[in-house]
Amino acid sequence: MNPKQIACVVLMSIIGAITYFGQIIHKKVVAMKASAESAVADAKAAQDANQLTEILLTKTKAETEDLRRFLRAWTPSVQKVQTEQEMEAAIEYTLRERNISLVKSRKSESRPLAVGSLIPKMVISTIVIEDEYDKVVNWFGDIEKRLPLSRVISCQMTGGSSVRQVQLDVTIESPLVNIAVELGPKIAAAKKK
Amino acid sequence: MSNIICHDFKTPRNDTSKRLPDTFKAIPILFYLALVSAAYLMTMDWMAYKKSERDKVSAEATKADFEAATKELEAEKTSIDNETAKAEILAKWMEGARNVQPISVAIARAMPKEVRLSDLSIERSQQVPSNLALSVRINGGSAKEVGVMETGLARLQYRSFGSQSTKDGDVVEYRSTLVRQEQ
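Predicted, not measured: the structure shown is a model, and the values here were computed from it.

A. Spotlight on the overall build of chain B. Each helix and strand counted, chain B has 3 helices and 4 strands in total. Written out in order from the N terminus, the α and β elements of chain B read α-α-β-β-α-β-β. Residues counted as buried form 21% of the 183 residues belonging to chain B. A separation of at least 24 residues holds for 51% of the contacts in chain B among residues at least 6 apart in sequence.

This is the structure:
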């Protein structure tokens, strides 16, 4: 090969190399463009998901407003009685306040319910009192007012030892509510079912 | 100056190498063209690359922002769901925890002075806690007292279901299930 031919070969090699590197760079640019487009699409999807969640949240807020207001209104009453002792004290206080002279029997037992639930424990109290009709009925009203979450399971009012006396046998079921409990995972499980 | 004239005696010489064909003359032109176009294309590519890189970084940042905002919203929704679930449980409980004392008072007020209420029993249903099983024994009473009693209970929004009233001498025994009527 003469020098001119060699020069031609060298030039053509350089042209080939330039084309090759040009192609490599172009491929990289195309890949980066695709990656950027994908990132933009992901960002758009994230924006859509965000808007959807926002709509869902607004809808949930509006739909549950009444219930949540109800919970907020009852929270102070729930927090007032958090232990068995506080419940006992409330009964004791009302008995003293109404000056009930004869407490024939009084017992209370606590029953544990599901752990991690809103009502993990229940206190069942049975009280038998005897006094004048007004006092007994007023006490009954007082105890229901003081323990608004309590359920009267049964009550029996019969005549007492004298004409003016009335005997009241009442069984009260009082929930000890754990208002701070997180029910989140259970809600999700219930929704999946 | 010298008087001697120097002549160029150099005779034309033949090429040491053979001339290239004419088409090969395009190779240097092609080379320069390749250089210029490569420079142009690479510059354009470089600019496009940088722009795409910026777009990608910006899009990723936007995505991260939206995802963080979505997470916050989801956390808020979980909190609301939790609050709602608690409110539902509490409301369901409260539905079966309505006061019983006004019922006993209403029944007692329905009795005239000459009539004696010897036994009053109210039991809450275990299946439907808002329902109450009422049992009353009235000494010296009649159907009139039962009617007045039912009217008194209706004022408290309770309706008697399956009521049975039996009279044995002076004693009227009345049983019914009280169901609360929501207005």
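B. Structural context of the overall build of chain A. Across its full length, chain A holds 4 helices and 4 strands. Helices and strands appear in chain A in the N-to-C order α-α-β-β-α-β-β-α. Its C-alpha atoms give chain A a radius of gyration of 39 Å, more than 25% over the compact-globule value 16 Å for 193 residues. With the principal axes as the frame, chain A shows a C-alpha extent of 140 × 30 × 30 Å. Here chain A holds 193 residues, and the buried ones make up 22% of them.

C. Focus on the interface of chain A and chain B. Taken residue by residue, the interface counts 61 residues in chain A and 61 residues in chain B. Of all elements in the fold, only α1 (3-80), α3 (133-146), β3 (151-159) and α4 (184-192) of chain A reach the threshold of two or more residues within the side of chain A that touches chain B. Looking at the side of chain A that touches chain B element by element, the count peaks at 39 residues for α1 of chain A. Across the side of chain A that touches chain B, the residue classes tally to 33 nonpolar, 18 polar and 10 charged. As defined by bridge partners, β3 of chain A adjoins strand β1 (residues 116-124) of chain B across 5 bridges and the pair is classed as antiparallel. For Thr158 of chain A, the partnering residue across the bridge sits in β1 of chain B and is Asp119 of chain B.

D. Molecular detail of the domain arrangement of chain B. Considered domain by domain, chain B is made up of domain 1 (25-95) and domain 2 (101-180). Between domain 1 of chain B and domain 2 of chain B, the C-alpha centre-to-centre distance is 71 Å.

E. Geometry of the sheet that holds strand β3 (residues 158-168) of chain B. Strand order in the open sheet formed by 8 strands is β1(A)-β2(A)-β4(A)-β3(A)-β1(B)-β2(B)-β4(B)-β3(B), and the pairing between neighbours is antiparallel. At either margin of the open sheet sits one strand with a lone partner, and together these are β1 (102-112) of chain A together with β3 of chain B. For this sheet the average axis-to-axis angle between neighbouring strands, irrespective of direction, equals 10°. Taken together, the 8 bridges between β1 of chain B and strand β2 (residues 132-139) of chain B define a ladder with antiparallel strand orientation. Bridging across to β2 of chain B, Ser121 of chain B finds its partner in Ser135 of chain B. Across the sheet, helix α2 (residues 101-109) of chain B is in contact with β3 of chain A together with β1, β2 and β3 of chain B; its angle to β1 of chain B comes to roughly 155°.

F. Region of interest: the domain arrangement of chain A. Per the domain assignment, the segments of chain A are domain 1 (1-80) and domain 2 (83-176). Spacing between the C-alpha centres of domain 1 of chain A and domain 2 of chain A amounts to 65 Å.

G. Region of interest: the nonpolar core. Core analysis: the largest hydrophobic core is formed by 49 residues, its most contacted members being Val136, Phe140, Cys155, Leu168 and Val170 of chain A together with Ile107 and Val136 of chain B. Not counting residues within four places of it along the chain, the set of residues in contact with Cys155 of chain A comprises Leu168, Asp169 and Val170 of chain A together with Val100 and Ile122 of chain B. Ala36, Ala39 and Ala46 of chain A together with Ala59 of chain B belong to the second-largest nonpolar core, a separate cluster that totals 6 residues.

Rules used in this analysis
- Residues numbered from 1 in each chain as written.
- Chains lettered and ligands numbered in written order.
- Predicted model: local features only at pLDDT ≥ 70, side-chain atom pairs only at ≥ 80, totals over all residues.
- Helix = DSSP H or I, 4+ residues; strand = E, 2+ residues; numbered from the N terminus.
- Buried ≥ 20, exposed ≤ 12 C-beta atoms within 10 Å, placed from the backbone.
- Contact = placed C-beta atoms within 7 Å.
- Rg over C-alpha atoms; globule rule 2.2 N^0.38 Å.
- Nonpolar A, V, L, I, M, F, W, Y, C, P; charged D, E, K, R; others polar.
- Pairing = 2+ DSSP bridges.
- Domains from an automatic or database assignment.
- Axes fitted to C-alpha atoms, helices over the stretch in contact; angles between N-to-C directions.
- Core = buried A, V, L, I, M, F, W, Y, C linked by C-beta atoms within 7 Å.

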